[in-house]
Amino acid sequence: MLHARTTAAAKRAALRERLASGQLLRFPGAFNPLSAKLVQDKGFEGVYISGAVLSADLALPDIGLTTLTEVAGRSQQIARVTDLPALVDADTGFGEPMNVARTVQALEDAGVAGLHIEDQVNPKRCGHLDGKQVVDRGTALKRIRAAVDARREPDLLIMARTDIRGVDGLAAAVDRAKALVDAGADAIFPEAMRDLAEFEAVRTAVDVPVLANMTEFGKSELFTTRQLADVGVNIVIYPVSLLRLAMGAAERGLDTLVDAGTLAPVVDQMQHRARLYELLDYESYNHFDAAIFTYVPEPAARP
Ligand SMILES: C[C@](O)(C(=O)O)[C@H](CC(=O)O)C(=O)O
Ligand SMILES: [Mg+2]
């Protein structure tokens, strides 16, 4: 009820433990706290908090317009309703190394289990679009060093994302991934890999967990969890997928309303009120209320 019971520290420890198990962890992107509850209910291992989704939610393109305050606020709203570890997209870290340090502490306070910081220049772009630019190696490494030094909870997972594959090719991506790990990154997110062999190349180059981004309409083919596990990927994100599914359904529903003048034909496609209440754990709130209503305080002992 109200919040999930699992503490941030326990979620961070669980993420570390699960990563060490070698099992592939699946992190669908939650587009709000309610969808994070659905992700947990369906048995996934974690929840992703996407920058692209937060931007889209505010009807903005994903070009570095959102602020740390917005990202931290959304992270906190999502992290507190789920027992799953949350991994948040911290974009470029919101500035220079000192800003990156502040970003890490703000997201740590928000209760996430991990975050990733990328090596794009500001303003950043979606990693699967052409025309993006990356910072030089020294700048990229300083961001990660600052992030690692700023964390107060050693279990907070600091993941380095590199976008260099789309700019300078695979060899550069492998090179940068190694350097980012040397700078202290706990995990690597190689963005916009073309095929499984590319994931494998990064996998063999570093000895930390590797993430695969299965975003739709991007540069990577949509590999199955089996294919990704077979090449040694440790975490897979589906960052914008739930938002795309929900918006697709919303658009079709509105079209029906325009055409038919009623939503009756699509009611069976809607989440039922009963299912919503189940996800919200409505029952516990009723019990809480009833228990308080019938609670009779003991009469105070006479002095
Ligand atoms: C993972 C990502 O950074 C995100 O913000 O979710 C995006 C996803 C997308 O735009 O499809 C990305 O740059 O890949
Ligand atoms: Mg992003």
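No experiment lies behind these values; they were computed from the predicted model shown.

## Remarks on the overall build of the protein
The number of helices and strands found in the protein is 13 helices and eight strands. In terms of overall dimensions, the protein is globule-like: its C-alpha atoms have a radius of gyration of 21 Å, near the 19 Å expected for 303 residues. By residue count, 46% of the 303 residues in the protein fall in the buried class. Sequence-distant contacts in the protein: of pairs separated by 6 or more residues, those separated by 24 or more amount to 72%. Accessible surface for the protein amounts to roughly 15,200 Å². Of this, 55% is attributable to carbon and sulfur atoms.

## Brief notes about the site of ligand 1
Near ligand 1, the surroundings consist of 16 residues, among which Ser50, Asp89, Gly127, Glu191 and Thr215 are the closest. The separation between an oxygen atom of ligand 1 and a polar side-chain atom of Ser50 is 2.6 Å. One of the side-chain N or O atoms of Thr215 is found 2.6 Å from an oxygen atom in ligand 1. Summarising the interface, the protein chains cover 95% of the accessible area of ligand 1, which totals 350 Å² for the free molecule. Class assignment of the residues belonging to the shell around ligand 1 gives a composition of five nonpolar, six polar and five charged.

## Topic: the layout of surface pockets
In this structure, the largest pocket encloses a volume near 640 Å³. If you go around the largest pocket, you meet 19 residues; those closest to its centre are Ala246, Ala249, Gln269, Met270 and Gln271. The set of elements that each furnish at least two residues to the lining of the largest pocket consists of helix 2 (33-41) and helix 11 (241-260). At eight residues, the largest contribution of residues to the lining of the largest pocket is made by helix 11. A breakdown of the residues in the lining of the largest pocket according to their chemical character gives 13 nonpolar, five polar and one charged. Taken domain by domain, the makeup of the lining of the largest pocket includes at least three residues from each of domain 1 (8-239) and domain 2 (248-293).

## Description of the domain arrangement of the protein
Taken domain by domain, the protein comprises domain 1 (8-239) and domain 2 (248-293). Here the C-alpha centre of domain 2 lies 32 Å away from the C-alpha centre of domain 1. Domain 1 puts five residues into the contact, and the matching count from domain 2 is four residues. Regarding the contact of domain 1 and domain 2, the summed buried area is about 410 Å², with carbon and sulfur atoms giving 65% of it. Contact with domain 2 buries area across many residues of domain 1, yet Leu34, Lys37 and Leu38 alone supply 80% of it, more than any other trio. As a salt-bridge pair, Asp41 and Arg275 come within 2.7 Å of each other at their nearest N and O atoms. Residue classes in the side of domain 1 that touches domain 2 are distributed as two nonpolar, no polar and three charged.

## What to know about the pairing of strand 4 (residues 114-118)
For strand 4, the tally of buried residues reaches five of five residues, placing the bulk of the element in the interior. Taking every second residue as pointing to the same face, both faces of strand 4 are buried, with Gly114, His116 and Glu118 on one and Leu115 and Ile117 on the other. Relative to strand 4, strand 3 (residues 86-89) runs parallel, the two being bridged by three bridges. Residue Leu87 lies in a different strand from strand 4, and its bridge partner there is Gly114. Between the parallel pair strand 3 and strand 4, the chain is carried across by helix 5 (residues 97-110), and the sense of this crossover is right-handed. Inspection of the sheet shows strand 4 paired to strand 5 (residues 157-162) by five bridges, in the parallel sense. Looking at strand 5, one finds that Leu115 is bridged to Ile158. Handedness of the β-α-β unit built from strand 4, helix 6 (residues 137-150) and strand 5 comes out right-handed.

## What to know about helix 2
Where helix 2 is concerned, the buried positions are Ser35, Ala36 and Val39. Down the axis of helix 2, the buried set is contained in an arc of 105 degrees. They therefore lie on one face. On its buried face, helix 2 sits against strand 1 (25-28), strand 2 (47-49), helix 4 (68-79) and helix 11. Capping the start of helix 2 is the job of one residue whose side-chain oxygen sits 3.3 Å from the backbone nitrogen of Leu34: Asn32. Count one or two residues on from helix 2 and you reach Gly43, which has phi positive near 90 degrees.

Here is what the cut-offs are and how they apply
Residues numbered from 1 in each chain as written. Chains lettered and ligands numbered in written order. Predicted model: local features only at pLDDT ≥ 70, side-chain atom pairs only at ≥ 80, totals over all residues. Heavy atoms only, no water. Helix = DSSP H or I, 4+ residues; strand = E, 2+ residues; numbered from the N terminus. Rg over C-alpha atoms; globule rule 2.2 N^0.38 Å. Buried < 20%, exposed > 50% of the residue type's maximum accessible area, 1.4 Å probe, protein only. Contact = heavy atoms within 4.5 Å. Areas by Shrake-Rupley, 256 points an atom, 1.4 Å probe, with all protein chains shown as cover. Near = heavy atom within 4 Å. Polar contact = N/O pair within 3.5 Å; in protein donor to acceptor, adjacent residues only side chain to side chain. Nonpolar A, V, L, I, M, F, W, Y, C, P; charged D, E, K, R; others polar. 1 Å grid on protein atoms, 1.4 Å probe; cavity = no way out; pocket = protein on both sides within 12 Å on 5 of 7 lines; lining within 4 Å. Points joined across faces, edges and corners; volume = space filled by probe spheres on them. Domains from an automatic or database assignment. Buried area = accessible area lost by both parts, 1.4 Å probe. Salt bridge = Lys/Arg side-chain N within 4 Å of Asp/Glu carboxyl O. Pairing = 2+ DSSP bridges. Right-handed = clockwise from strand over helix to strand, strands pointing away. Arc of directions from axis to C-beta.

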